[in-house]
Amino acid sequence: MANLNKVFLMGNLTRDPEVSYTPKGTAVAKLGLAVNRQWTAENGEKKEEVTFVDVEAWGRQAETIGQYLSKGRPIFIEGRLKLDSWEDKETHQKRSKLKVVLEGFQFLGAPGNKTEFKESAPAEEGAPRSRPAPRRPAPEAGPTENAPPAGDDNIPF
């Protein structure tokens, strides 16, 4: 059976990100996101609903979010849903909360800001993320022995 757990959200931060560190030194940022939905009802009345989403970021992404974002700033996030469950210490009732674990994001709204920061998800939460190796420039294009002749329209796709 196929499974897919992918979330794309665009909204504004409801509070400043709270960055903390695990005992092993991995950064964790907790942030709130408000996502607005606007529509026109059948009677022509404009309606709006706001959905508040808790988001959790790990590693370098958490540090970057904590450094550059604050309450009210727009952000685009990519992530996955996670259900946390626990027992309330006072009432001993089972509690749960659905949140988004951030896997990538993009800053929005700042003039001229085209910064994008995305890393692959760690094997498990709290695991340190490795930074991707820097990209090397592509070699200069030039004729090679195996290259098809210029103008060859026999493309296999």
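Residues numbered from 1 in each chain as written. Predicted model: local features only at pLDDT ≥ 70, side-chain atom pairs only at ≥ 80, totals over all residues. Heavy atoms only, no water.

### Let's talk about a nonpolar patch on the surface
Stage number 1. A cluster of nonpolar side chains, L81, L83 and L98, forms an exposed patch at the surface whose accessible area comes to about 290 Å².
Stage number 2. Summarising the element assignment, L98 is placed in strand 6 (residues 94–107).
Stage number 3. Residue classification places L98 among the exposed residues on the basis of a relative accessible area of 52%. (Patch = residues over 30% accessible without salt bridge, like charges linked within 9 Å, V, L, I, M, F, W, Y side chains within 5 Å. Areas by Shrake-Rupley, 256 points an atom, 1.4 Å probe, with all protein chains shown as cover. Salt bridge = Lys/Arg side-chain N within 4 Å of Asp/Glu carboxyl O. Helix = DSSP H or I, 4+ residues; strand = E, 2+ residues; numbered from the N terminus. Buried < 20%, exposed > 50% of the residue type's maximum accessible area, 1.4 Å probe, protein only.)

### Section: the packing of aromatic side chains
Here a ring pair, both rings aromatic, is described through the centre-centre distance and the interplanar angle of the planes.
Stage number 1. With the rule as written, the count across this model stands at 3 aromatic pairs.
Stage number 2. Ring plane angle 20° and centroid distance 6.2 Å describe the contact between F8 and F76, whose orientation is recorded as stacked. Here F76 lies in strand 5 (residues 74–87) and F8 lies in strand 1 (residues 7–13), a separation of 68 residues in the sequence.
Stage number 3. With a centroid separation of 5.3 Å and 75° between ring planes, the pair formed by F105 and F107 is classed as edge-to-face.
Stage number 4. The exposure class of F107 is buried, given its relative accessible area of 6%.
Stage number 5. These aromatic residues form a ring-pair network of at least three members: Y68, F105 and F107.
Stage number 6. Looking at R37, its charged tip hangs above the ring of W39, at a distance of 4.2 Å from the centre. (Phe/Tyr/Trp six-rings, centres within 6.5 Å; stacked < 30°, edge-to-face > 60°. Lys NZ or Arg CZ within 6 Å of the ring centre and 35° of its normal.)

### Some details on the pairing of strand 6
Stage number 1. When strand 4 (residues 46–58) meets strand 6, the two strands line up parallel, connected through 2 bridges. Following the sheet pairing, V55 is matched in strand 6 by V100.
Stage number 2. Note that strand 5 and strand 6 share 13 bridges and pair antiparallel. Its bridge partner lying in strand 6, K82 is registered against K99.
Stage number 3. From the end of strand 5 to the start of strand 6, which pair antiparallel, there are 6 residues, and H92 there has a positive phi angle of about 60°. (Pairing = 2+ DSSP bridges.)

### Topic: the pairing of strand 5
Stage number 1. Of the strand pairs in this sheet, strand 1 and strand 5 are connected by 6 bridges, and their pairing is antiparallel. Each bridged residue has a counterpart across the sheet, and for V7 the counterpart in strand 5 is G79.

### Focus: the nonpolar core
Stage number 1. One finds L9, L33, V55, I65, I75 and I77 to be the most contacted residues of the largest nonpolar core, which totals 20 residues.
Stage number 2. Put simply, the parts of the chain that give this core at least two residues each are strand 1, strand 3 (27–40), strand 4, helix 1 (59–68), strand 5 and strand 6.
Stage number 3. Ignoring any residue separated from it by four or fewer positions in sequence, one finds I65 in contact with P17, L31, A57, I75, L102 and F105. (Core = buried A, V, L, I, M, F, W, Y, C linked by side-chain atoms within 4.5 Å. Contact = heavy atoms within 4.5 Å.)

### Digging into unusual backbone geometry
Stage number 1. Phi at H92 is positive, roughly 60°, even though this residue is not glycine.
Stage number 2. Mapped onto the elements of the fold, H92 is located in the loop between strand 5 and strand 6.
Stage number 3. Residue H92 is classed as exposed on the basis of its relative accessible area, which comes to 54%.

### Quick word on the environment of D16
Stage number 1. With respect to the element layout, D16 can be found in the loop between strand 1 and strand 2 (18–21).
Stage number 2. C-alpha separation for the pair D16 and I65, spaced 49 residues apart in sequence, amounts to 9.5 Å.
Stage number 3. The contact partners of D16, leaving out residues within four places of it in the chain, are S70 and K71.
Stage number 4. Looking at D16, its side chain comes within polar contact range of the main-chain nitrogen of K71, at 2.7 Å. (Polar contact = N/O pair within 3.5 Å; in protein donor to acceptor, adjacent residues only side chain to side chain.)

### Things to note about the environment of F8
Stage number 1. Residues F8 and V100, 92 residues apart in the sequence, show an inter-C-alpha distance of 9.7 Å.
Stage number 2. Apart from the residues lying within four places of it in its own chain, the contact partners of F8 are F76, I77 and E78.

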